[in-house]
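Below, each chain spelled out in residue letters.
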Amino acid sequence: MFCCLKNCLNGVLPAQSVHITKTSNPVQLDSSHMGHEVVIIKNGLRACGTGGVLANAPLVQSKSYFEVKLQQSGHWSIGLATQQTDLNQSVGGKDRESWCLNSNHLVLHGGDVIYRLDASKGVGVPNGGQNSPGHSATSGTVPVDLAPVSAPAFPTPGGASGADSGLPQEGDTIGVAYDHVELNFYLNGKSLNVPVLNVRGTVYPCLFVDDGAILDIVLDSFAYGPPPGFERILVEQSLL
């Protein structure tokens with residue numbers, strides 16, 4: 001844990017003083033909705049430690065988009081969740097209140113695998129889950145070991161980038177787009193073709209970290225930009 005926090009804080013704030021200050025964008029990670037061992041720094045935009053954290057604004061507009069920079073490898077989950085999700089878990093998508101892409105290349109919801117990313121095809125392979133296209137009442141998912149230790153190690157520096165391998169790696173940017181019909185993920189601006197359906201409830205951006213992972217949420221000035229028609233997250237009063 002100490003090593004993780006040291007890297008997380010390096011070059012940002014003194015280790016003995018961690019404060020969250022408001023930025024010009026009112027949307028940021030929410031210290032009132034995070035796991036007990038999560039640390040939020042960098043003006044509420046960086047998460048490290050162990051557990052999950054939500055953003056402080058729900059996705060209420062018709063088409064919203066945000067990005068997450070994979071600053072340091074480890075075990076991570078990125079996606080959407082309601083405020084009822086268990087943020088003391090280190091893996092997102094294990095309960096019915098979260099929908100997440102994980103560092104073990106699985107898209108999870110309710111502990112079920114909806115997709116597995118296939119590097120050879122550059123797309124997600126449906127796993128038959130109720131939140132994937134083509135689901136029928138009789139189809140089901142195959143439970144897998146969702147412990148963070150199942151996540152593969154990132155390649156050493158100098159290896160193929162995520163854009164080349166089709167799989168997220170350290171330094172890559174994950175885009176998340178939601179239009180209240182589908183949740184979609186992007187890798188460095190390219191769709192991963194893993195549309196998640198049946199996302200229900202009032203949902204927020206969520207990040208889960210463990211084993212040294214450091215994630216930065218990007219809420220404007222995007223590296224790759226949203227798909228056509230999508231825009232940055234707007235706070236509710238801005239929509240009135």
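- Per an unreviewed UniProt entry, the protein goes by SPRY domain-containing protein and derives from Anopheles culicifacies.

Details of the overall build of the protein
And then number 1: When helices and strands are counted, the protein shows 2 helices and 15 strands.
And then number 2: For the protein, the residues scored as buried account for 51% of the 240 residues in total.
And then number 3: The long-range fraction of contacts in the protein, counting pairs at least 24 apart against all pairs at least 6 apart in sequence, stands at 62%.
And then number 4: A total accessible area of about 10,700 Å² is found for the protein, and carbon and sulfur atoms account for 50% of it.

Things to note about the pattern of salt bridges
And then number 1: This structure, assessed with the given rule, holds 2 salt bridges.
And then number 2: The salt bridge involving Lys42 is made with Asp216; its shortest N-O contact spans 3.1 Å. Taken as a pair, Lys42 in the loop between strand S2 (37-41) and strand S3 (46-55) and Asp216 in strand S14 (residues 214-218) lie far apart in primary sequence, 174 residues in all.
And then number 3: In this structure, Asp216 and Arg46 form a salt bridge, with 2.7 Å as the shortest nitrogen-oxygen distance. On the criterion of sequence distance, the pair formed by Asp216 in strand S14 and Arg46 in strand S3 is long-range, its members being 170 residues apart.
And then number 4: Given the relative accessible area of 9%, Arg46 is considered buried.
And then number 5: Because the salt bridges share partners, they merge into one network encompassing Lys42, Arg46 and Asp216.

Some thoughts on unusual backbone geometry
And then number 1: With a phi angle near 55°, Lys42 is a residue other than glycine that sits in the positive phi range.
And then number 2: The phi torsion at His180 lies on the positive side, around 70°, for a residue other than glycine.
And then number 3: With respect to the helices and strands, His180 occurs in the loop between strand S10 (173-178) and strand S11 (183-187).
And then number 4: Residue classification places His180 among the partly exposed positions, given a relative accessible area of 41%.

A short note on the environment of Asp216
And then number 1: Residue classification places Asp216 among the buried residues on the basis of a relative accessible area of 4%.
And then number 2: The contacts of Asp216, once residues within four sequence positions are left out, are Lys42, Leu45, Arg46, Glu67, Val68, Lys69 and Gln71.
And then number 3: Looking at Asp216, its side chain comes within polar contact range of the side chain of Arg46, at 2.7 Å.
And then number 4: A polar atom in the side chain of Asp216 sits 2.9 Å from the side chain of Gln71.

Focus: the side chain of Glu67
And then number 1: Structurally, the position occupied by Glu67 is in strand S4 (residues 64-72).
And then number 2: Lys69 provides the closest opposite charge to the buried, unpaired Glu67, separated from it by 8.9 Å.
And then number 3: In terms of polar contacts, Glu67 uses its side chain to reach the backbone amide nitrogen of Tyr224, at 3.2 Å.
And then number 4: Contact partners of Glu67, with chain neighbours within four places excluded, come to Thr173, Ile174, Gly175, Asp216, Ile217, Val218, Phe222, Ala223, Tyr224 and Gly225.

What counts and what doesn't
Residues numbered from 1 in each chain as written. Predicted model: local features only at pLDDT ≥ 70, side-chain atom pairs only at ≥ 80, totals over all residues. Heavy atoms only, no water. Helix = DSSP H or I, 4+ residues; strand = E, 2+ residues; numbered from the N terminus. Buried < 20%, exposed > 50% of the residue type's maximum accessible area, 1.4 Å probe, protein only. Contact = heavy atoms within 4.5 Å. Areas by Shrake-Rupley, 256 points an atom, 1.4 Å probe, with all protein chains shown as cover. Salt bridge = Lys/Arg side-chain N within 4 Å of Asp/Glu carboxyl O. Polar contact = N/O pair within 3.5 Å; in protein donor to acceptor, adjacent residues only side chain to side chain. Lys, Arg positive; Asp, Glu negative; His and termini not counted.

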